[in-house]
Amino acid sequence: MAMDTIELLRTVTDAFGPSGFEDEPRDVIRALVEPLADEVTVDTLGNLLVTKRGKSDTTFMLDAHMDEIGFMITWIEEGGFLRFQPIGGWDARIIPSHALTILSDDGTKIKGAIGTPPPHVLRPEDRDKPFKIEDLFVDIGADSADEVHARGIRIGSPAVIAYPFEQLGDQRVMAKALDDRAGCAVMIRTLEALQNDDLDVTFVAAFTVQEEVGLRGAGTAAWQIDPDIAIALEGTIAADVPGVPAPRQPTRQGLGPSIRIMDSGMIGMPKMIRALASTAEEAGIPFQYQVPAPGGTDAGAIHRTRAGVLSGAVSTPCRYIHAPCSVMRLDDFENTVRLVTEFVRRCPGVVGM
Ligand SMILES: [Zn+2]
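Everything numeric here is computed off the predicted structure, so don't read it as measured data.

A.B. asks: Please clarify how the overall build of the chain should be interpreted in this entry.
C.D. replies: In terms of regular secondary structure, the chain is built from eight helices and 17 strands. A compact globule built from 353 residues should have a C-alpha radius of gyration of about 20 Å, and the chain, at 21 Å, falls within 12% of that. Counting only C-alpha atoms and orienting by the principal axes, one finds that the chain spans roughly 65 × 45 × 40 Å. Looking at the chain as a whole, 54% of its 353 residues are labelled buried. The contacts in the chain between residues at least 6 apart in sequence include a share of 76% that link residues at least 24 apart. When the accessible surface of the chain is split by element, carbon and sulfur atoms take 52% of a total near 14,900 Å². Placing the 33 positive and 51 negative side-chain charges of the chain at their respective mean positions leaves the two points 4 Å apart.

A.B. asks: Can you help me understand helix H8 (residues 330–346) in this one?
C.D. replies: Structural remark: α-helix, 3.6 residues per turn; residues separated by three or four positions point the same way. With 17 residues, H8 ought to run about 24 Å at 1.5 Å a step, and its terminal C-alpha atoms sit 25 Å apart, in line with that. For H8, the set of buried residues is Leu330, Asp332, Phe333, Asn335, Thr336, Val337, Leu339, Val340, Thr341, Phe343 and Val344.

A.B. asks: What is the right way to read the environment of methionine 353 from this model?
C.D. replies: Tracing the backbone through its elements, the reader meets methionine 353 in the segment after H8. Residues methionine 353 and alanine 2, 351 residues apart in the sequence, show an inter-C-alpha distance of 33 Å. Setting aside its immediate chain neighbours within four residues, methionine 353 contacts Asp228, Ile229, Leu310 and Pro348.

A.B. asks: Mind showing me how you'd approach the packing of helix H1 (residues 5–14) against helix H4 (residues 178–193) here?
C.D. replies: Angle between the axes and distance between the axes are the two parameters that describe a pair of packed helices. Running from N to C, H1 and H4 point in directions that differ by 130°, and their axes come no closer than 9 Å. Put simply, H1 runs oblique to H4. The hand of the H1/H4 crossing is right-handed. Facing H1, whose interface residues are Thr5, Leu8, Leu9, Val12 and Thr13, H4 presents Leu178, Arg181, Ala185, Ile188 and Arg189. Looking at the contact of H1 with H4 residue by residue, the classes come out as six nonpolar, two polar and two charged.

A.B. asks: Would you explain the coordination of the zinc ion in this entry?
C.D. replies: Octahedral six-donor coordination of a metal ideally yields angles of 90 or 180 degrees, compared with 109.5 degrees for tetrahedral four-donor coordination. Distances from the zinc ion to its protein donors, His65 (NE2), Asp179 (OD), Glu234 (OE) and Glu234 (OE), fall at 1.8 to 2.4 Å. Classification of the site at the zinc ion as irregular follows from its four donor atoms and the range of 54 to 141° in their angles at the metal. As a motif over one chain, the donors of the zinc ion read H-x113-D-x54-E. Of this pair, histidine 65 sits in strand E3 (residues 59–65) while aspartate 179 sits in helix H4, placing them 114 residues apart in sequence. The two residues histidine 65 and aspartate 179 agree in class, both being buried.

A.B. asks: Looking at this structure, I do not really get the pairing of strand E16 (residues 310–319). What am I missing?
C.D. replies: Regular strands place their side chains on alternate faces of the sheet. E16 sits mainly inside the fold: ten of its ten residues count as buried. Of the two faces of E16, the one holding Leu310, Gly312, Val314, Thr316 and Cys318 and the one holding Ser311, Ala313, Ser315, Pro317 and Arg319 are both buried throughout. In this sheet, E16 lies alongside strand E13 (residues 229–238) in parallel orientation, the contact comprising ten bridges. Its bridge partner lying in E16, isoleucine 231 is registered against glycine 312. Relative to E16, strand E14 (residues 258–259) is paired through two bridges, and the arrangement is antiparallel. When the bridges of E16 are listed, serine 258 appears paired with serine 315. Linkage of E16 to strand E17 (residues 326–329), two consecutive antiparallel strands, is achieved through a turn of six residues, within which tyrosine 320 is found at a positive phi near 70°.

A.B. asks: Honestly, the pairing of strand E2 (residues 48–52) in this entry has me stumped. Any pointers?
C.D. replies: Extensive coverage of E2 is indicated by the burial of five of its five residues. Burial along E2 is two-sided: the residues Leu48, Val50 and Lys52 and Leu49 and Thr51 are all buried. As judged from the four bridges shared by strand E1 (residues 39–42) and E2, these two strands associate in the antiparallel manner. Bridged to valine 40 within E2 is valine 50. Remark: five residues form the turn of the hairpin made by E1 and E2, two consecutive strands paired antiparallel; glycine 46 in that turn has positive phi of roughly 115°. Inspection of the sheet shows E2 paired to strand E12 (residues 202–208) by five bridges, in the antiparallel sense. Within the sheet, the bridge partner assigned to leucine 49 lies in E12 and is alanine 206.

A.B. asks: What's the story with the packing of aromatic side chains in this structure? I'm lost.
C.D. replies: Note on aromatic pairs: each is described by the distance of the centres and the angle between the planes. All chains considered together, the criterion is met by six aromatic pairs. Relative to phenylalanine 84, the ring of phenylalanine 71 lies with its centre 5.2 Å away and its plane at 85°, an arrangement referred to as edge-to-face. Of this pair, phenylalanine 71 sits in strand E4 (residues 70–76) while phenylalanine 84 sits in strand E5 (residues 82–87), and the two are 13 residues apart along the sequence. You can call phenylalanine 84 buried: its relative accessible area is 3%. One aromatic cluster in this structure is built from Phe60, Phe203 and Phe343. For arginine 306, the ring lying beneath its charged end belongs to tryptophan 223, and the centroid distance is 4.1 Å.

Conventions used here
Residues numbered from 1 in each chain as written. Predicted model: local features only at pLDDT ≥ 70, side-chain atom pairs only at ≥ 80, totals over all residues. Heavy atoms only, no water. Helix = DSSP H or I, 4+ residues; strand = E, 2+ residues; numbered from the N terminus. Rg over C-alpha atoms; globule rule 2.2 N^0.38 Å. Buried < 20%, exposed > 50% of the residue type's maximum accessible area, 1.4 Å probe, protein only. Contact = heavy atoms within 4.5 Å. Areas by Shrake-Rupley, 256 points an atom, 1.4 Å probe, with all protein chains shown as cover. Lys, Arg positive; Asp, Glu negative; His and termini not counted. Charge placed at Lys NZ, Arg CZ, Asp CG, Glu CD. Expected span 1.5 Å × (residues − 1). Axes fitted to C-alpha atoms, helices over the stretch in contact; angles between N-to-C directions. Parallel < 35°, antiparallel > 145°, perpendicular 65-115°, else oblique. Left-handed = near helix turned anticlockwise from the far one by under 90°. Nonpolar A, V, L, I, M, F, W, Y, C, P; charged D, E, K, R; others polar. Donors = N, O, S within 2.8 Å, 3.2 Å for Na, K, Ca; no water. Tetrahedral: all angles 85-135°; square planar, octahedral: opposite > 155°, others 65-115°. Pairing = 2+ DSSP bridges. Phe/Tyr/Trp six-rings, centres within 6.5 Å; stacked < 30°, edge-to-face > 60°. Lys NZ or Arg CZ within 6 Å of the ring centre and 35° of its normal.

So, to be careful, I would describe these as geometric facts and stop short of saying anything about function.
What follows is the structure, encoded as structure tokens:
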């Protein structure tokens, strides 16, 4: 039986999975999707590929990345403090003073605090300056490097900021890793919705790895799937918050899924944008065109695979992505599932294939 939406979002966002260490999200997702698929495979890099065969070999690839931005422990001080470097695109100003979860060699999750010198001991001229990541350290409560090693932490141990999933009122949730576990959850829900459909296309849901360090998993996933049509799903930038003028808000919450127009990795293909918009209009699903901003999605890698793939990107607006915790609206999430499900049902005809 399918999980309710809150439990689904809790399960996928609480999973520990910075880029290159996606085992835990892959295991929880695999358990949820295995009953819905004709075939499930995991490739060398760790992409989870879930196939539902249709009436033709025309192949539709739906993509969401499992990895989240995180950290790697890169040095252990004699006194037991840990130094670290980012995995993926962090804003160094917002890292200090958060709690961290570090995965030890035996699979234990060890908590620590990202420490900073107290303001009392900073020189006056340094008080207004942001900390640099190389000046930060983690305190796991150890008194020596030997104690750190005994607990299974070494150079190379992965970490994420610790934020358990929470519901905020009736309509919003707060969690780490909504970029892109929101997309993973949309894809799980889409597989559930299509369970009894006899599709015109062969449908492959690709839960990919290492997006946050350069769309690495999506490239090899697309090469082997060899799709005719592809959509990348994201939890994308919602900037409908105080201090950001409307023209600089890529998306706003409550207006439904966004259709990507242009980013650093792809110029939206007009045929795909029209097909997505007409699907939403016919099915009565709210949507918004995403105001172009830097950044990108897995579609940036997928559309350049082999001889090129007709690609698009659809996203659920999330506030505070690439930060310790993000906020998403549940109706935006449900409307993203509806748009993607209706679009897959209409393929390949809706894109003129
Ligand atoms: Zn993402």
